[in-house]
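Structural overview
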Amino acid sequence: MLLARYFRPGQHVLDPFAGSGTTLVQALESGLDATGVDVAAFNCLLMEVKTRTYNPFILEQDLRSAHARIGETTGERPSAYVRRWYAPQAARELIGFRALVDDYEHADVLRVVLARAARSARRTTHFDLDFPRDPQLEPYWCHKHRRECRPVDTAAQFLRRYTLDTLARLKAFARVRARGCTASVIHGDVREVALGRFAGVLTSPPYPGLIDYHEQHRYAYELLALDDRRELEVGAAAAGTSRAALAAYSDGIVAALINAKESVARSAPFVIVVNDRRDLYPEILERAGLRLEQRLRRHVNRRTGRRAGEFFEDVLIAR
Ligand SMILES: C[S@@+](CC[C@H](N)C(=O)[O-])C[C@H]1O[C@@H](n2cnc3c(N)ncnc32)[C@H](O)[C@@H]1O
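Note on numbering: residues in each chain are counted from 1, in written sequence order. Per-residue local features of the predicted model are confined to residues with pLDDT of at least 70, and side-chain atom pairs are confined, for both listing and counting, to 80 or more; whole-chain, interface and lining totals are unaffected and use all residues. Side-chain figures throughout are based on the complete set of non-hydrogen atoms in the structure, without hydrogens or water.

1. What to know about the site of the ligand
Residue proximity to a molecule or strand is established when one non-hydrogen atom of the residue lies within 4 Å of it. Lining the immediate surroundings of the ligand are 21 residues, of which Ser20, Thr22, Asp38, Asn43 and Ser204 lie closest. Polar contact is the term for a pair of N or O atoms within 3.5 Å; when the atoms are in protein, one must be able to donate a hydrogen and the other to accept it, and sequence-neighboring residues count only if both atoms are side-chain atoms. Within the side chain of Asp189, an N or O atom sits 3.0 Å from a nitrogen atom of the ligand. Note that accessible areas follow from Shrake-Rupley with a 1.4 Å probe, and for residues the cover is restricted to the protein chains shown. Out of a free accessible area of 610 Å², the ligand has 90% covered by protein chains. Among the residues making up the shell around the ligand, the classes are represented as 11 nonpolar, six polar and four charged. Note on residue categories: nonpolar means Ala, Val, Leu, Ile, Met, Phe, Trp, Tyr, Cys or Pro, charged means Asp, Glu, Lys or Arg, and polar means any other residue, Gly included.

What follows is the structure, given as structure tokens:
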């Protein structure tokens, strides 16, 4: 694993584009402290929930109690987004669950459960859960299951499943994380947020034209009323891949790396995982004052989603 190769237990690693928190989770498993920065509020919520230490009794009590209340509804009228993307019963169940979240100490865990259920309960096809354009209202031929499938009309089954699954995952992680190690999450634009002191950086930065990270979890922003800062995303797909967009992307990554560089010692490692098909990184690193030491190519197998399949990514080691 990359962390073990470049860091020692007890050190503190920074991930400036931390996403859903893979680096943070692996750091905690490997005996490191970690700080993750992300501009997307939903990713920060996920990271917080995945890496916090819990009192297992209160966690279990909260989730079991919320589980027993799934199906409670309120008279609240759904927003236009919710009416468009959810069947009426699913909308009632999701909004009912949202109303009970704040009754619990571990409200954030329940918010993640709500988001996971909301993702599955959208009126989409099974094969396009990542970036559906329009709701799927009629039965359809499903490429994934090779039969006719119909859009879901209730959310309670997903709320139940993800309440128990999230509880199981948090308990499993509590068993494998190293004692005494902690993770911090900073919600902000990494080009300018204040950072602490770190032994080095491990990150997989966004890449131009690939993903809009806020849009990817639009349902969560809508249902949880999260702070939307999409205009601060570096390399957002919506910005395209014109020459100007690529230049803005490079400027953004350079600014982020310079900010990170100021928070580490001189020869600290920067481990950057990216499929740099446009060969932007040699120049980005140079502009950020980093020296590319090694470029490793590794093979990745993606398991889910439409973009499933094999591809390669580079691991760039710079200092
Ligand atoms: C490739 S993803 C990181 C994936 C991560 N390794 C994971 O396990 O989920 C890149 C992340 O950079 C974030 N990002 C984009 N612009 C940013 C900015 N200006 N400041 C901080 N984070 C930003 C996106 O929100 C996204 O979560």
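2. Notes on the pairing of strand 2 (residues 33-38)
Buried residues are those whose accessible area, probed at 1.4 Å on protein chains only, stays under 20% of the maximum for their type, while exposed residues exceed 50% and partly exposed ones sit between those limits. In this description a helix means any DSSP run of H or I spanning at least four residues, a strand means any run of E spanning at least two, and both kinds are numbered starting from the N terminus. The buried fraction of strand 2 is high, at five of six residues. With four bridges joining them, strand 1 (residues 12-15) and strand 2 adopt parallel strand pairing. Looking at strand 2, one finds that His12 is bridged to Asp33. A crossover gets the label right-handed when its path from the first strand over the helix to the second runs clockwise, viewed with the strands pointing away from the viewer. A crossover connection joins strand 1 to the parallel strand 2 through helix 2 (residues 22-29); in handedness this β-α-β unit is right-handed. Two strands are said to pair when DSSP picks up at least two bridges between them.

3. A few points about the nonpolar core
Within this scheme, the nonpolar core is defined by two criteria: the residues are buried Ala, Val, Leu, Ile, Met, Phe, Trp, Tyr or Cys, and they are joined through side-chain atoms within 4.5 Å. If you look at the biggest cluster of nonpolar residues, it comprises 46 residues, and the most contacted ones within it are Tyr86, Leu94 and Phe97. Every element with two or more residues in this core is listed here: helix 3 (41-51), helix 4 (56-68), helix 5 (80-85), helix 6 (88-101), helix 7 (107-121), helix 8 (156-176) and helix 10 (218-224). With 10 residues, helix 7 is the single largest residue contributor to this core. Residue-level mapping places this core at the junction of two domains, with at least three residues from each of domain 1 (2-44 + 182-318) and domain 2 (56-176). Setting aside anything within four residues of it in sequence, one finds Leu94 in contact with Tyr86, Leu114, Ala117, Ala118, Ala155, Leu159 and Leu223. Listed in part, the 29 residues of the second largest apolar core include Val37, Ile253, Ala260 and Val264. In this document the domain limits rely on a domain assignment from an automatic tool or a database. The contact criterion used is simple: two residues touch if any of their non-hydrogen atoms lie within 4.5 Å.

4. Quick word on the packing of helix 6 against helix 8
Each pair of packed helices can be summarised by the angle the axes make with each other and by the distance between the axes. Where helix 6 contacts helix 8, the axes come no closer than 9 Å and their chain directions differ by 40 degrees. Considered as vectors, helix 6 and helix 8 are oriented oblique to each other. Counting all contacts with helix 6, which are made through Glu93, Leu94 and Phe97, the residues of helix 8 involved are Ala156, Leu159 and Thr163. Residues of the contact of helix 6 with helix 8, tallied by class, amount to four nonpolar, one polar and one charged. Note on definitions: angles span 0 to 180 degrees between N-to-C directions of axes, and those axes are lines fitted to C-alpha atoms, for helices only across the stretch in contact. An angle below 35 degrees is treated as roughly parallel, one above 145 as roughly antiparallel, one from 65 to 115 as roughly perpendicular, and anything else as oblique.

5. Structural notes on the domain arrangement of the chain
On domain assignment, one finds that the chain holds domain 1 (2-44 + 182-318) and domain 2 (56-176). Domain 1 puts 15 residues into the contact, and the matching count from domain 2 is 17 residues. What makes a salt bridge here is a side-chain nitrogen of Lys or Arg within 4 Å of a carboxyl oxygen of Asp or Glu, nothing more. Inspection of the domain 1/domain 2 interface yields zero salt bridges. Applying the counting rule to domain 1 against domain 2 returns two residue pairs in polar contact (both at pLDDT 80 or more). Of all the secondary-structure elements, those providing two or more residues to the side of domain 1 that touches domain 2 are helix 2 and helix 10. With six residues, the single largest contributor to the side of domain 1 that touches domain 2 is helix 10. Tallied by class, the residues present in the side of domain 1 that touches domain 2 amount to eight nonpolar, two polar and five charged.

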